[in-house]
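# What the coordinates show
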Amino acid sequence: MNVSKVNEHIFMIDVEVAGINHFIASYVVMGENVAIVETGPSSSIQNLVHGLTDLGIEPDKVSFIAVSHIHLDHAGGVGTLIKHFPKAKVIVHERGAAHLANPEKLWQQSRMALGEIAEIYGEPEPVPADRIIAAKDGMTFEIGKNIALKVVETVGHASHHLSYFEQLNNGIFVGDAAGIYLRDIDVIVPTTPSPFRLDMALASLNKLADLKPSVLYYTHFGKAENAIEKLCTYASQLKLWANIAKQSLDMGEDLEEISRKIAEKDEAVKKAMKHIKVHRVLGETVLKTSVLGVADFVKNFGLPT
Ligand SMILES: [Zn+2]
């Protein structure tokens, strides 16, 4: 069963991209109407549609498909999914809107940046421009009585990243703003691809903590309690990575050496190592693209004050 109830009115669907479990989640918020938060990539949309069917969602009831940002693993499937829901509008950061309407460039850049992983996710289909809402910080979208999603701009991981606050359960859909939560071992690892902005990511984590959430809904992966502690832990981890990268770069060391030091000094990464190594996506990203993103930031901007 890939559908589970995670809170009042909220369900989670494991989209099981390429058969990988517990990696990409889509969420369903149910009121009189329905909102879907995150779609996962295009290659796993059929799994998501099956899950939505299992939940008995009537296509006309879906009023919003909200995505945290346009990376393929979060929104690559939105153009395919929206065909199933004739009344749904897509909520995306205003800086991401044009890329959903015309995803060719996004696809080309993703193939260059991700290589084989882009092929696992599949090519995104365009979203009709008149069905896209270019969202801004603070906008609220009503789904039912006392049920709404409030947009919280949380840039850093990407320049076009949004989180969504759901007041009834005091939870936040964090996209990639709070890292990757490896639920099975209760560990967070960074997702910080270039052009990652550490300064902005830390400000976003503060902004999320200021909302005093009880729970976080990670796209990667699942619901976590102790939300504020999780946000603080992630902020500390990012600072640790930046400090290690700065010291190494100052000594003229390369990325491999930075990764080796991170794997040695970050207890969370140490604990996650076995899991990362055998994971088709995380094996290629955590200690490679994410380390590169932090190193690039430190090179360009130094350590955040
Ligand atoms: Zn992302």
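First, a word on scope: everything that follows refers to the structure included in this document.

## Quick notes on the packing of helix α7 (residues 198–210) against helix α8 (residues 227–250)
- The contact between α7 and α8 brings their axes to 9 Å, and the two run at 165 degrees. Here α7 lies roughly antiparallel to α8, going by the angle between them. Once α7 is placed against α8, the crossing between them reads as left-handed. Between α7, through L198, A201, L202, L205, L208 and A209, and α8, the contact on the second element is made entirely by I228, L231, Y234, A235, L238, K239 and A242.

## Points about the environment of K61
- In this structure, K61 sits in the loop between α1 (45–54) and β5 (62–66).
- Distance from K61 to R111, taken between C-alpha atoms, is 35 Å for residues 50 residues apart in sequence.
- Apart from residues no more than four positions distant in its own chain, K61 is found in contact with E32, N33 and V34.

## Digging into the packing of α8 against helix α11 (residues 282–301)
- Relative orientation of the contacting elements α8 and α11 amounts to 70 degrees, with a least axis distance of 9 Å. Relative to α11, the element α8 lies roughly perpendicular. Between α8, through W241, A242, A245, K246 and L249, and α11, the contact on the second element is made entirely by V286, S290, V291, V294, A295, V298 and K299.
- By residue class, the composition of the contact of α8 with α11 is 9 nonpolar, 1 polar and 2 charged.

## A short note on the pattern of salt bridges
- Applying the stated criterion across every chain, the model contains 15 salt bridges.
- Between E153 and R95 there is a salt bridge, with the nearest N and O atoms lying 3.7 Å from each other. You can see E153 sitting in strand β9 (residues 147–153) and its partner R95 sitting in the loop between β6 (89–93) and α4 (97–101), a full 58 residues away along the chain.
- Here E153 falls in the partly exposed class, since its relative accessible area comes to 24%.
- Here D186 and K230 are joined by a salt bridge, their closest N and O atoms 3.5 Å apart. Here D186 is found in the loop between β12 (180–182) and β13 (187–189), whereas its partner K230 is found in helix α8, with 44 residues between them in sequence.
- Judged by relative accessible area, which is 44%, D186 ranks as partly exposed.
- Beyond isolated ion pairs, a larger network of salt bridges with shared partners links E257, R260 and E264.

## What to know about the coordination of the zinc ion
- The zinc ion binds to the protein through H69 (NE2), H71 (ND1), H157 (NE2) and D176 (OD); the donor distances cover 2.1 to 2.4 Å.
- With 4 donor atoms in place around the zinc ion and angles of 82 to 177 degrees between them, the coordination shape is irregular.
- Mapped onto the polypeptide sequence, the residues donating to the zinc ion form the spacing pattern H-x1-H-x85-H-x18-D.
- Judged by its relative accessible area of 0%, H69 is buried.

## Section: the pairing of strand β11 (residues 171–175)
- With respect to burial, β11 is a largely interior element, 5 of its 5 residues being buried.
- Neither face of β11 is exposed, since G171, F173 and G175 on one face and I172 and V174 on the opposite face are all buried.
- Bridge analysis of strand β10 (residues 162–166) against β11 gives 3 bridges, and the strand direction is antiparallel. Bridge pairing links F165 to I172 in β11.
- In this structure, the hairpin formed by β10 and β11 is closed by a connection of 4 residues, where N170 is found at a positive phi of approximately 55 degrees.
- Sheet analysis places β11 next to strand β14 (residues 215–218), joined by 4 bridges and oriented parallel.

## Some details on the nonpolar core
- Judged by nonpolar contacts, the single largest core of 88 residues is most densely connected at V28, L52, I65, L81, L100, Y121 and V189.
- If you tally residues by element for this core, the top one is α8, at 9 residues.
- Each residue touching V189, except ones within four places of it in the same chain, is listed here: G179, I180, L182, Y234, Q237, V269, A272, I276 and V286.
- Grouped together as the second largest cluster of nonpolar side chains are 24 residues, V37, L149, Y164 and F221 included.

## Regarding the pairing of β6
- Counting buried positions over the 5 residues of β6 gives 4, a clear majority of the element.
- Where β5 meets β6, 3 bridges bridge the pair, whose relative direction is parallel. Pairing of F64 across the sheet is with K89, part of β6.
- Sheet topology places β6 next to strand β7 (residues 132–135); 4 bridges connect them, and they run parallel. Counterpart to V90 in the pairing with β7 is I132.

Cut-offs applied
- Residues numbered from 1 in each chain as written.
- Predicted model: local features only at pLDDT ≥ 70, side-chain atom pairs only at ≥ 80, totals over all residues.
- Heavy atoms only, no water.
- Axes fitted to C-alpha atoms, helices over the stretch in contact; angles between N-to-C directions.
- Helix = DSSP H or I, 4+ residues; strand = E, 2+ residues; numbered from the N terminus.
- Parallel < 35°, antiparallel > 145°, perpendicular 65-115°, else oblique.
- Left-handed = near helix turned anticlockwise from the far one by under 90°.
- Contact = heavy atoms within 4.5 Å.
- Nonpolar A, V, L, I, M, F, W, Y, C, P; charged D, E, K, R; others polar.
- Salt bridge = Lys/Arg side-chain N within 4 Å of Asp/Glu carboxyl O.
- Buried < 20%, exposed > 50% of the residue type's maximum accessible area, 1.4 Å probe, protein only.
- Donors = N, O, S within 2.8 Å, 3.2 Å for Na, K, Ca; no water.
- Tetrahedral: all angles 85-135°; square planar, octahedral: opposite > 155°, others 65-115°.
- Pairing = 2+ DSSP bridges.
- Core = buried A, V, L, I, M, F, W, Y, C linked by side-chain atoms within 4.5 Å.

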